[in-house]
Amino acid sequence: MKRMNKKLIAIIVILIILLIGLGIGIYFYYFSEKIEIKKDRFVFEYGKEVPFTTNYYLKDTNRMPHKKDYKITVKNQNKVEIKSKKIVTKGGKILEVGTYTLEISYQKQKETFVVEVKDTTKPTFKTAPEKITLEQNSKDVDLTKFFESEDLSETKLTIQGDYDLSTLGNYELKIQASDSYRNTQEKSFILEVIDFESAKEEGRVSSTIDGTIYKSEAMIEYENSLQVQENTLASSNNQTTTITPTTPTSSNGYRRDIANTYISQMNAYRVANGYTEIPVSTAAQQLADRRVLEIMSDFSHNGSPANFGENIGMGSVGYDFFEAWKNSPSHASAILRPFNISMGVSVYEQDGMWYAVAEFEFGASH
């Protein structure tokens, strides 16, 4: 009987020990599971996906049987949202550059860590010509308009190096693209400055990304002259009667008769627009006679003094420069300036071409 009692007591003791061990195991299983984060700070490159899952940030998920009960949150952030288990900026597709605090919690445990988004990627060039060709004395040139860069943030283009559009030659320059986070990319290119005659060649001058071709004043006037000639020819072709030229062909030299006609026409044009006539002065006429010879080899405004305004033109014999100037806003305004005090006009004929210059002297009040 005593032996039976001892066996029973031993069994009971063993059962108690097993129950205690089971209880301890259950306790540790349910209540001692510890959250372990891989690291305190996770760094992502701007544009990369930022996960919103506990598995990505936990150290060893195999030792965390209740990981499905863990909760992850972004703390104190009203500018982000969760899309397809990814953290993104509200209304966007990626998470903007910045620092974000996240928290993983389980029961009474909480572990916080930082997610940082950085932009260390340099911009890239979508369009970057190795050579840009421009006409000498081109107006309002912006060399950055020939380039196009790409980046997730806003980029700024700047030109590095010195150049002079009034001087022919090749210039070694660099284009630099900088994004909002001071990442920069550079490329070298050559700027070629060519003369007026070379720039007339089809396709010789470079165009910007949007198709703009920068031009000098001389080229603008030259093209305006061509356009007026084309319009005049088209108008003549539509006439049913034959038009006989009123100006006889003469040998090479000054055409005072044509110049005097333009003087009369311009004064009549001034009066018709409410301005007074202006006389021909010796200084203005001498300047016009000199400049008309100069534009035959350098069709530009390079030789015009500061106290004079100037219209220039060239075309075939019989071309109507006054009509061309009157139909061009910039040239018409030169004729109608209220502070003009005198003028001089010169037309020169050379090998079937006419060259014309009108000089307008400014008054002291200008």
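Whatever comes next refers back to the structure up there.
Being a predicted model, the structure only gives us computed values, none of them experimental.

### Brief notes about the pattern of salt bridges
Part 1 of the argument: Under the criterion given, the structure shown has 17 salt bridges.
Part 2 of the argument: In this structure, the salt-bridge partner of Glu197 is Lys200, at a minimum N-O distance of 3.3 Å.
Part 3 of the argument: The partly exposed category is assigned to Lys200, whose relative accessible area is 27%.
Part 4 of the argument: The closest approach of N and O atoms between Glu323 and Lys326, which form a salt bridge, is 3.6 Å. Of the two residues, Glu323 and Lys326 are both situated in helix 7 (residues 321-326); the distance of three residues between them amounts to about one turn of the helix.
Part 5 of the argument: A relative accessible area of 29% places Lys326 in the partly exposed class.
Part 6 of the argument: One salt-bridge network, in which partners are shared between bridges, spans Lys131, Glu192, Glu201 and Arg204.

### Some words on a nonpolar patch on the surface
Part 1 of the argument: A grouping of Leu8, Ile12, Ile16 and Ile20 is seen on the molecular surface, where their side chains present a nonpolar patch of about 360 Å² in accessible area.
Part 2 of the argument: Relative to the assigned elements, Ile12 resides in helix 1 (residues 2-31).
Part 3 of the argument: Residue classification places Ile12 among the partly exposed residues on the basis of a relative accessible area of 42%.

### Thoughts on the sheet that holds strand 11 (residues 169-179)
Part 1 of the argument: Taken in spatial order, the four strands make up an open sheet running 8-12-11-10, and their pairing is mixed. Two strands in the sheet have a free side with no partner beyond their single neighbour: strand 8 (131-135) and strand 10 (155-160). Each neighbouring strand pair of the sheet contributes to a mean axis angle of 30 degrees, computed without reference to strand direction.
Part 2 of the argument: Summarising the sheet, strand 10 and strand 11 pair through six bridges and their orientation is antiparallel.

### Comments concerning helix 5 (residues 256-272)
Part 1 of the argument: Its 17 residues place the ends of helix 5 24 Å apart at the C-alpha level, agreeing with the 24 Å of an ideal helix rising 1.5 Å per residue.
Part 2 of the argument: Regarding helix 5, the residues found buried are Ile258, Ala259, Tyr262, Ile263, Met266, Asn267, Tyr269 and Arg270.
Part 3 of the argument: Its buried side turned inward, helix 5 meets helix 7, helix 8 (329-335), strand 15 (340-350) and strand 16 (353-362).
Part 4 of the argument: Remark: Gly274 follows helix 5 within two positions and exhibits a positive phi of approximately 90 degrees.

### A few points about the environment of Phe44
Part 1 of the argument: Looking at the element boundaries, Phe44 is found in strand 1 (residues 41-45).
Part 2 of the argument: Classification of Phe44 as buried rests on a relative accessible area of 8%.
Part 3 of the argument: A sequence separation of 74 residues divides Phe44 from Lys118, and the C-alpha atoms of the two residues are 6.3 Å apart.
Part 4 of the argument: The residues contacting Phe44, other than those within four sequence positions of it, are Glu49, Val50, Pro51, Tyr56, Tyr57, Val115, Glu116, Val117 and Lys118.

### Side note on the sheet that holds strand 15
Part 1 of the argument: Strand order in the open sheet formed by four strands is 13-15-16-14, with antiparallel pairing between adjacent strands. The open sheet has two free edges, formed respectively by strand 13 (253-254) and strand 14 (308-316), since each of these has just one partner strand.
Part 2 of the argument: Where strand 13 and strand 15 come together, two bridges link them in antiparallel fashion. Paired with Gly253 across the two strands is Glu349, which belongs to strand 15.
Part 3 of the argument: Against the sheet, helix 5 touches strand 13, strand 15 and strand 16, its axis set at about 145 degrees to strand 15.

### Digging into the nonpolar core
Part 1 of the argument: Counting residues in each nonpolar core, the largest one holds 23 residues, and the members touching the most others are Tyr262, Met266, Val345 and Phe360.
Part 2 of the argument: When residues of this core are traced back to their parent elements, those giving at least two are helix 5, helix 7, helix 8, strand 15 and strand 16.
Part 3 of the argument: Residue contributions to this core peak at six residues, all from helix 5.
Part 4 of the argument: What Met266 contacts, discounting residues up to four positions off in sequence, is Phe322, Trp325, Ile335, Met343, Val345, Ala358 and Phe360.
Part 5 of the argument: Counting 22 residues, the second largest nonpolar core, distinct from the first, contains Leu58, Tyr106, Val115 and Val117.

### Regarding unusual backbone geometry
Part 1 of the argument: In this structure, Ser84 takes a positive phi of about 50 degrees despite not being glycine.
Part 2 of the argument: With respect to the helices and strands, the residue Ser84 is situated in the loop between strand 3 (80-83) and strand 4 (86-89).
Part 3 of the argument: For Asp140, which is not glycine, the phi dihedral falls at a positive 55 degrees.
Part 4 of the argument: You can call Asp140 exposed: its relative accessible area is 66%.

Quick notes on the rules
- Residues numbered from 1 in each chain as written.
- Predicted model: local features only at pLDDT ≥ 70, side-chain atom pairs only at ≥ 80, totals over all residues.
- Heavy atoms only, no water.
- Salt bridge = Lys/Arg side-chain N within 4 Å of Asp/Glu carboxyl O.
- Buried < 20%, exposed > 50% of the residue type's maximum accessible area, 1.4 Å probe, protein only.
- Helix = DSSP H or I, 4+ residues; strand = E, 2+ residues; numbered from the N terminus.
- Patch = residues over 30% accessible without salt bridge, like charges linked within 9 Å, V, L, I, M, F, W, Y side chains within 5 Å.
- Areas by Shrake-Rupley, 256 points an atom, 1.4 Å probe, with all protein chains shown as cover.
- Pairing = 2+ DSSP bridges.
- Axes fitted to C-alpha atoms, helices over the stretch in contact; angles between N-to-C directions.
- Expected span 1.5 Å × (residues − 1).
- Contact = heavy atoms within 4.5 Å.
- Core = buried A, V, L, I, M, F, W, Y, C linked by side-chain atoms within 4.5 Å.

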